[in-house]
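Examination of the molecular architecture
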Amino acid sequence: MNKNLINPKNFQQPILTKGNSLYELKKFLELMLIIRKTEQQLALAKEKGLIIGPVHLSVGQEAISVGISKNLKKTDRIFGNHRSHSHLLSLNPNFYKLFAEILGKKSGFSKGMGGSMHLYDKNHGFYGSTPIVAGTVSLAVGAAIAATKSKSKDISVSYIGDGAIEEGVVHECFNLAKMLKLPILFVIENNLFASHMHISTRQPSEFTSRFAEGNHLPYKLLDGNNVIAVYENSKKIISKIRDGNGPAILELITFRWYGHVDWREDIDVGVKRSQKDIQDWKKRDPIKRLSQSMINSKLWSLKKQKELNDKIDLKIKIAWDKAMKDPFPSTDSIHKYVYSKD
Ligand SMILES: Cc1ncc(C[n+]2csc(CCOP(=O)(O)OP(=O)(O)O)c2C)c(N)n1
Ligand SMILES: [Mg+2]
């Protein structure tokens, strides 16, 4: 196991952009920026009191879902958790619909009924997120069973946190997936924290993919802040899963810049966060690292980066203003959409 993976100072490997066209690299950069800026807008709005429910932000973790989603199809079935804005936006970067959902508006992803933690977009393969830690893992396994029954080459993806891995159901799911040779990728987003608790206070090892060994599952442990590494490795793994070789685990080491919930960086569920850790991890920013590598290889420039930032900022502002003005759903629609086949 590479200990350096959890020490930001010891792991400053450049992102290797060779073999990827400017078009592809720009797509990665743009999508990560869209997710970052969408969540920063949510943080700002939460601080101003414009959002009622809690928001769990994944700023700093964008490279994971962006790298993985590029290998997914609309007919695959992807399951998230309480921190799923990035999982969904990586499949469908419609931040306007996300804003509307979080503001409880009719135009939102779940028709304003779900908020930040009950997102749903079946047309893009997103089968749902829920606040119950590990609550969707068995659903992802069920969807993988459905894929084998229908003889499709679709796969399931289950996003799990390093805290979720401590739920028993996850281990039952690893076991069943292996025994039934199911087409499912378990993605462990190891941001080293479950709420305010560091993994070293909860586990004898910082790495959770070691649980794969107990069920003879293939696994890979990677720097989750390197979008190209995530993309290229998940491409190979997903292709094997699609070809009927059974499940696999991908563990990605990362860090969230905000506290567990809402907009504050300095507090994590009432506990002070280490400023030093945050500043160290910010140096490993997945977006800046990619942008810098593109500049180093003369494919990109600071000027182009600024133009891209400005373009996204403007789109985000327009979408937010529009979502703010949208209507709320009518009260009688609760029965129509909360328990519904749709
Ligand atoms: C079954 C259950 N237990 C506890 C909680 C409270 N809770 C919400 S998120 C969370 C931590 C999850 O940590 P992790 O899986 O690492 O995800 P992260 O927040 O780091 O993205 C906890 C304990 C919950 N929502 N559901
Ligand atoms: Mg975590």
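Heads up: the structure comes first, above all this text.
The structure presented is a predicted model; accordingly, all values stated were derived computationally and were not measured. Along each chain, numbering runs from 1 in the same order as the chain's sequence is written. Whichever chain is written first becomes A and whichever ligand is written first becomes 1, with later ones labelled in order. Local features in this predicted model are restricted to residues whose pLDDT is 70 or higher, and side-chain atom pairs enter the listing and the counts only when it is 80 or higher, whereas totals over whole chains, interfaces and linings include all residues. Note that the side-chain values use all heavy atoms of the structure and ignore hydrogens as well as water.

Regarding the side chain of Asp262
The condition that has to hold: Helix and strand assignments come from DSSP, with helices taken as H or I runs of at least 4 residues and strands as E runs of at least 2, each series counted from the N terminus. Any residue under 20% of the maximum accessible area for its type is buried, any over 50% is exposed, and the rest in between are partly exposed; the area is computed with a 1.4 Å probe on protein chains only. His is not counted, nor are the chain ends; Lys and Arg add positive charge and Asp and Glu add negative charge. Counted as salt bridges are all cases of a side-chain nitrogen of Lys or Arg within 4 Å of a carboxyl oxygen of Asp or Glu. In what follows, a contact means two residues having at least one pair of non-hydrogen atoms within 4.5 Å.
With respect to the secondary-structure elements, Asp262 resides in the loop between β8 (248-253) and β9 (267-268). At 4.2 Å, Lys46 is the nearest oppositely charged side chain to Asp262, a buried residue that forms no salt bridge. With sequence-adjacent residues up to four places away left out, Asp262 is seen in contact with Lys46, Pro54, Val55 and Leu57.

Points about the sheet that holds strand β1 (residues 77-79)
Our working definition: Here, a strand pair is defined by DSSP locating no fewer than two bridges between the strands. Every angle, taken between N-to-C directions, lies between 0 and 180 degrees, and every axis is a line fitted to C-alpha atoms, over only the stretch in contact when it is a helix.
An order of β2-β1-β3-β4-β8-β7 is seen for the six strands of this open sheet, with the pairing classed as parallel. Of all the strands in the sheet, just β2 (126-128) and β7 (219-223) have a single pairing partner and so form its edges. Taken pair by pair, the neighbouring strands of this sheet meet at an average axis angle of 20°, ignoring direction. Across the sheet, helix α2 (residues 62-69) lies against β3 (156-161), β4 (184-190) and β8, angled at about 170° from β3, the strand it touches most.

Re the pattern of salt bridges
Within this structure, the stated rule accounts for 21 salt bridges. Notably, a salt bridge pairs Lys283 with Asp280, separated by 3.7 Å at the nearest N-O pair. The partner of Glu307 in a salt bridge is Lys303, and the shortest N-O contact between them spans 3.3 Å. Pair noted here: Glu307 and Lys303 are both in helix α10 (residues 302-325), with a separation of four residues, about one helical turn. On the basis of relative accessibility, which here comes to 44%, the residue Glu307 falls in the partly exposed class. Residues joined by salt bridges that share partners form a network here, namely Arg36, Glu62 and Asp285.

Examining the site of ligand 1
Going by this rule: What makes a residue near a molecule or strand is one non-hydrogen atom of that residue sitting within 4 Å of it. Between N or O atoms, a polar contact is any pair within 3.5 Å; within protein, one atom must be a potential hydrogen donor and the other a potential acceptor, and residues adjacent in sequence are included only when both atoms are from side chains. Here the accessible surface of atoms and residues is derived via Shrake-Rupley with a 1.4 Å probe, and residues count as covered only by protein chains that are part of the display. When residue character is reported, Ala, Val, Leu, Ile, Met, Phe, Trp, Tyr, Cys and Pro are called nonpolar, Asp, Glu, Lys and Arg charged, and the others, Gly included, polar.
In the vicinity of ligand 1 lie 15 residues, with His82, Arg83, Gly163, Asn191 and Phe193 positioned nearest. In this structure, Pro131 approaches ligand 1 through a main-chain N or O atom, which is 2.9 Å from a nitrogen atom. In this structure, Val133 approaches ligand 1 through a main-chain N or O atom, which is 3.1 Å from a nitrogen atom. Protein coverage of the free-state accessible area of ligand 1, which is 580 Å², stands at 71%. Of the residues assigned to the shell around ligand 1, the class counts are six nonpolar, six polar and three charged.

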